[in-house]
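Listed here are the chains, written in short residue letters.
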2 protein chains.
Amino acid sequence: MAKCEQCIIKQFNSLKSLTKSELMRISSCKTSKIIKKGTVIFEEGDVLNGVYCVKDGICKLSKLSENGKDQIVKMVVKGQLLGQRSLISDASSNLQATALNDMEVCFIPKTEIIADLQKNPKFSFDVLKEMANDLKEADDVIVNMAQKSVRQRLAETLMYIHDSFGVNPDGTLSVLLSREDYASIVGTATESAIRVLSQFKKEGLISTIGKFIKIEDFNGLKRVE
Amino acid sequence: MAKCEQCIIKQFNSLKSLTKSELMRISSCKTSKIIKKGTVIFEEGDVLNGVYCVKDGICKLSKLSENGKDQIVKMVVKGQLLGQRSLISDASSNLQATALNDMEVCFIPKTEIIADLQKNPKFSFDVLKEMANDLKEADDVIVNMAQKSVRQRLAETLMYIHDSFGVNPDGTLSVLLSREDYASIVGTATESAIRVLSQFKKEGLISTIGKFIKIEDFNGLKRVE
DNA sequence: AATAAAACATGACAGATATCATATTTTAAA
DNA sequence: TTTAAAATATGATATCTGTCATGTTTTATT
């Protein structure tokens, strides 16, 4: 089994601030898991007793609205930690995590890492930084949701995915989402998301290769109103 | 000048986790300020070199959208800290803070408190907790913005203000906001906010005493669709 | 390969909300 | 007090978006 100390993934998240001995201890009690596309990793209300370090794949964090629709709040990709809040609070999760493609994750029990959060100030400061950044991003999402049209939000979502999660060799977005997922990110009806994406295609802003989306006119997307 | 060690306000925020000596040091370099209603405390892009401990009053944290409208992201009241993120990151503020009524605050320079964040794990864990909670609240706001009607959002805003910030002796909401502010919280046009509030009044869900709003039918507001 | 199921697509229509216009009322300033 | 400015209010209208209906295409399963 791979060792945390040598794992490249840890460079991308706050685990990098742990000392070698801390990493070794964690390594010895972590569990590697393969999670199949579509699997619910944890649900709203679940009490998490640890964090997941995402080695590969991507998942969505969503919350069920009272109207029965799912709202995607954030996406977590390779390199990031999933379920950070469980380290800080004993409260149950307010979000559901679902794998968007096949994932490889390491689960680190809370009991093993919580002490490091208390003792290693570099580590806790790092977690603090990530959380502050999440909060900043959440503020932006709030403003977008409140002030922009579905068309604008969808355009921005495409650009966000492009910039944050990268593209395949052929230029298509590496993250493959259903129209329903797009609707669920943007906070609109699935039909509306489909309509807008069709429109973008007609306007030459995007193209599709199979199920993949390729941004053809980045500046055009920026100018969408 | 009042001393931090004896200040009751600190009980309500993470400063309570500082030791007596830490508090005494901070106390000696803090600055008390009176901020008049309407004053912009800091703007988007400003680099904050400290945090404000709110001793009295309330302010709004807002962000300017590209369409020129302000979106209120959060409100900060007596007891809370303002500008926490400046302690964690050197980046400029992504939000603007504006006093909604006359405020009394203490400004604590970053230089004085940053060391405590690194050395006192209880304190940093406490800041972490507050930030985790802010993040959770932000998630809820995102879902509400994305999935609920203006009517529902406004009803929830009224209940939120009632529950979080309390009422005056006559039962009216203690926080006095303009219709424009309500619109800016809910993310709608000022006219729409006015219309919905008028409607709530007609329906007997709320009443007004002068400029103050009183919730008359809490369950009715809950049931708003 | 045949079939069922899921995902995608598009039209028609209704309802919600923004915008613009115009009063009215309240607050602030001279 | 008078006047100007800001906040509140309401109507008319256009636009955006959701919902329902229906059809097509793609994917999965037997």
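Residues numbered from 1 in each chain as written. Chains lettered and ligands numbered in written order. Predicted model: local features only at pLDDT ≥ 70, side-chain atom pairs only at ≥ 80, totals over all residues. Heavy atoms only, no water.

**Q** What is the right way to look at the sheet that holds strand E1 (residues 31-35) of chain A in this model?
**A** Backbone hydrogen bonds hold the strands of a sheet together, and the pairing may be parallel or antiparallel. Residues and elements named next belong to chain A. With respect to topology, 4 strands assemble into an open sheet ordered E1-E8-E3-E6, the strand pairing being antiparallel. The outermost strands of the open sheet, each flanked by one partner alone, are E1 and strand E6 (81-82). Pairing analysis gives 2 bridges linking strand E3 (residues 50-56) to E6, with the strands arranged antiparallel. The residue of E6 that forms the bridge with cysteine 53 is leucine 81. Across the sheet, helix H3 (residues 110-119) is in contact with E3 and strand E8 (103-109); its angle to E8 comes to roughly 70°. (Pairing = 2+ DSSP bridges. Helix = DSSP H or I, 4+ residues; strand = E, 2+ residues; numbered from the N terminus. Contact = heavy atoms within 4.5 Å. Axes fitted to C-alpha atoms, helices over the stretch in contact; angles between N-to-C directions.)

**Q** Honestly, the relation of the copies chain B and chain A in this entry has me stumped. Any pointers?
**A** Two copies of the chain are present, and they differ by a rotation about an axis and a shift along that axis. With an RMSD of 0.1 Å, the operation that places chain B on chain A is a rotation of 180° combined with a shift of 0.0 Å along the axis. This pairing of chains is accounted for by a two-fold axis. (Least-squares fit on C-alpha atoms with pLDDT ≥ 70 in both.)

**Q** What is the right way to read the nonpolar core from this model?
**A** Here is a general trend for soluble globular proteins: nonpolar side chains tend to be buried in one another's company. If you look at the biggest cluster of nonpolar residues, it comprises 86 residues, and the most contacted ones within it are A:Ile41, A:Leu82, B:Ile41 and B:Leu82. Excluding its chain neighbours within four sequence positions, the residues that come into contact with B:Leu82 are B:Ile41, B:Phe42, B:Val51, B:Tyr52, B:Val54, B:Cys59, B:Leu61, B:Val76 and B:Ala97. (Core = buried A, V, L, I, M, F, W, Y, C linked by side-chain atoms within 4.5 Å. Buried < 20%, exposed > 50% of the residue type's maximum accessible area, 1.4 Å probe, protein only.)

**Q** Looking at this model, I keep getting lost on the protein's contact with DNA strand D. Mind explaining?
**A** Around DNA strand D sit 17 residues, and of these A:Lys69, A:Val150, A:Thr188, A:Ser192 and B:Arg179 come closest. Of everything in DNA strand D that lies within 4 Å of the protein, sugar and phosphate atoms constitute 55%. Note that a phosphate oxygen of DNA strand D is positioned 2.3 Å from one of the side-chain N or O atoms of A:Thr188. Between DNA strand D and B:Arg195 there is a distance of 3.0 Å, counted from a base nitrogen to a side-chain nitrogen or oxygen. Breaking the surface near DNA strand D down by element, the ones donating at least two residues are helix H7 (190-202) of chain A together with helix H7 (190-202) of chain B. For the surface near DNA strand D, the leading source of residues is H7(B), giving 4 residues. By residue class, the composition of the surface near DNA strand D is 3 nonpolar, 6 polar and 8 charged. (Near = heavy atom within 4 Å. Polar contact = N/O pair within 3.5 Å; in protein donor to acceptor, adjacent residues only side chain to side chain. Nonpolar A, V, L, I, M, F, W, Y, C, P; charged D, E, K, R; others polar.)

**Q** Explain the protein's contact with DNA strand C here, please?
**A** The full set close to DNA strand C counts 16 residues, and A:Arg179, A:Arg195, B:Val150, B:Thr188 and B:Ser192 are the nearest of them. Counted by atom, the contact set of DNA strand C within 4 Å of the protein is 56% sugar and phosphate. Take B:Arg195: an N or O atom from its side chain is 3.0 Å from a base oxygen of DNA strand C. Counting residues per element, the surface near DNA strand C draws most heavily on H7(A), at 4 residues.

**Q** Whenever I open this one, the confidence of the model for chain A confuses me. Can you help?
**A** Regions with low pLDDT should not have their predicted coordinates read in detail. On average, residues of chain A score 95 in pLDDT, and 100% of them are at 70 or above. Quick note on the complex model: pTM equals 0.94, ipTM equals 0.94. (pLDDT = per-residue confidence, 0-100.)

**Q** What's the story with the sheet that holds strand E2 (residues 40-42) of chain A in this structure? I'm lost.
**A** Taking strand neighbours across the sheet as the criterion, the 4 strands line up as E2-E7-E4-E5 (chain A) in an open arrangement whose pairing is antiparallel. Every interior strand has two partners, whereas the edge strands, E2 and strand E5 (70-77) of chain A, have only one. Ignoring which end each strand starts from, the neighbouring axes of this sheet average 30° apart. Here strand E4 (residues 58-64) of chain A pairs with E5(A) via 7 bridges, running antiparallel. Residue pairing for E5(A): A:Lys63 is matched across the bridge by A:Gln71. Across the sheet, helix H6 (residues 179-186) of chain A touches E4 and E5 of chain A, and the angle it forms with E5(A) is around 100°. Relative to the sheet, helix H4 (residues 121-147) of chain B contacts E4 and E5 of chain A, its axis offset from that of E5(A) by approximately 130°.

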